[in-house]
Amino acid sequence: MDGATFENLNLFLNFGLPLLLLMIAYFIGSMVERRHFSSIRKRENENRGYPVVSFDTMPDDWKVSESTMVAGNIVVSLDYFKRVIAGLRSLVGGRIKTYEPLLERARREALLRMTESAREQGYDAIFNVRLETSRLANSRGDGNGTAGVEMLAFGTAVKFASRFARTP
Amino acid sequence: MDISNTDSIPGRRIVEFYGVVTGNTVRAKHIGRDIMAGLKNIVGGELVGYTELLQDSRTEATERMIQQAQSMGANAVVNVRFATSSIAQGAAELFAYGTAVKVE
């Protein structure tokens, strides 16, 4: 291997590889995000009209025959490109826009999973919905390595006593 | 066993209180899942292995809470809450707690 080839290889490993990873992460990451958002919108439309409320007491006109607790969760992580952008952003401060859609779609997905599991089990509505966010520990002590954010949605699912029990 | 995260079981009346019941589980990450999650970290998106891991752990913590309530003679647990705490590098405790009660 002559000097020039070695130089080129060195250059590639130092700059080319991270750049390539950045590009792959950017394209796949934004594709994954677009798809996820369109799937969320579609499923939210299907669930329109299904009562999911965050009140801690039931509306007076709900006559209930059966209840249980339902939950939905998801663990998500940022792609490499967005992590780099967020890292740069933290130098100057301000709003980190790349994190916002991630947390938003995770939260909506957790809510959808909770709703879908209640529907599958034959429940008619969910109330006292609560949302929780927790950060999973990094696998390495230095703050690098695998990390994710968990979104948890849970609530009490109820079955109405009769089909028309909701009409006041 | 009825469980709910509100302070009553909808449509039922609480007749007796048995106190707070808890259930927990401590889980470590699976190395295979961790490697997959590491790869997934490049392109972002859902870490399915972790989602399942946490879901299973939470189900187990809930089961244990229910067992404790049953051993007290309760037939429902109300006001259930979940909490997660990271106790060591790569290990986390998940626990569920609530109030064991008897409903009509």
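Shown above is the structure to which this text applies.
To start, this report covers the structure provided alongside it. On a predicted model such as this, the values are computed, not experimentally measured, just so you know.

Digging into the overall build of chain B
Scanning chain B for helices and strands turns up two helices and five strands. Mapped from its N terminus to its C terminus, chain B presents α and β elements in the order β-β-α-β-α-β-β. Taken over the C-alpha trace, chain B has a radius of gyration of 17 Å; the compact-globule value for 104 residues is 13 Å, which it surpasses by more than 25%. If you line up chain B on its principal axes, its C-alpha atoms span 55 × 25 × 15 Å. The buried share of chain B, reckoned over its 104 residues, is 40%. By sequence separation, contacts in chain B at least 24 residues apart represent 75% of the contacts at least 6 residues apart.

Side note on the sheet that holds strand S2 (residues 125–135) of chain A
Reading across from one edge, S2(A)-S3(A)-S1(A)-S3(B) is the order of the four strands in this open sheet, with antiparallel pairing throughout. With one partner strand each, in any of the chains shown, S2 of chain A together with strand S3 (45–46) of chain B form the two edges of the open sheet. Note that S2 of chain A and strand S3 (residues 149–160) of chain A share nine bridges and pair antiparallel. Its bridge partner being in S3 of chain A, Ser134 of chain A is matched across the sheet by Glu150 of chain A. Contacts from helix H3 (residues 99–120) of chain A reach strand S1 (64–77), S2 and S3 of chain A together with S3 of chain B, with the element oriented near 150° to S1 of chain A.

Details of the side chain of Asn73 of chain A
Of note, Asn73 of chain A is situated in strand S1. There is a polar contact of 3.0 Å between the side chain of Asn73 of chain A and the side chain of Glu150 of chain A. When sequence neighbours within four positions are dropped, the list of residues in contact with Asn73 of chain A reads Ala110, Arg113, Glu150, Met151 and Leu152 of chain A together with Thr51, Leu54, Gln55 and Arg58 of chain B.

Regarding unusual backbone geometry
You will see that Asn128 of chain A, though not glycine, has its phi angle at about 55°, which is positive. Turning to its location among the elements, Asn128 of chain A is positioned in strand S2. Even without being a glycine, Asn79 of chain B presents a positive backbone phi close to 55°. Judged by relative accessible area, Asn79 of chain B falls into the partly exposed class, the value being 28%.

What to know about the packing of helix H1 (residues 3–46) of chain A against H3 of chain A
Residues and elements named next belong to chain A. Contact geometry of H1 with H3 gives a least axis separation of 10 Å together with a crossing angle of 40°. In terms of crossing hand, the pair formed by H1 and H3 is left-handed. Contacts from Val32, Glu33, His36, Phe37, Ile40, Arg41, Arg43, Glu44 and Glu46 of H1 reach H3 at Pro101, Leu102, Glu104, Arg105, Arg108, Glu109, Leu112, Glu116 and Arg119. Along the lines of polarity and charge, the residues of the contact of H1 with H3 split into six nonpolar, one polar and eleven charged.

The rules behind the values
Residues numbered from 1 in each chain as written. Chains lettered and ligands numbered in written order. Predicted model: local features only at pLDDT ≥ 70, side-chain atom pairs only at ≥ 80, totals over all residues. Heavy atoms only, no water. Helix = DSSP H or I, 4+ residues; strand = E, 2+ residues; numbered from the N terminus. Rg over C-alpha atoms; globule rule 2.2 N^0.38 Å. Buried < 20%, exposed > 50% of the residue type's maximum accessible area, 1.4 Å probe, protein only. Contact = heavy atoms within 4.5 Å. Pairing = 2+ DSSP bridges. Axes fitted to C-alpha atoms, helices over the stretch in contact; angles between N-to-C directions. Polar contact = N/O pair within 3.5 Å; in protein donor to acceptor, adjacent residues only side chain to side chain. Left-handed = near helix turned anticlockwise from the far one by under 90°. Nonpolar A, V, L, I, M, F, W, Y, C, P; charged D, E, K, R; others polar.

Scope: geometric values only; no functional claims are made or implied.
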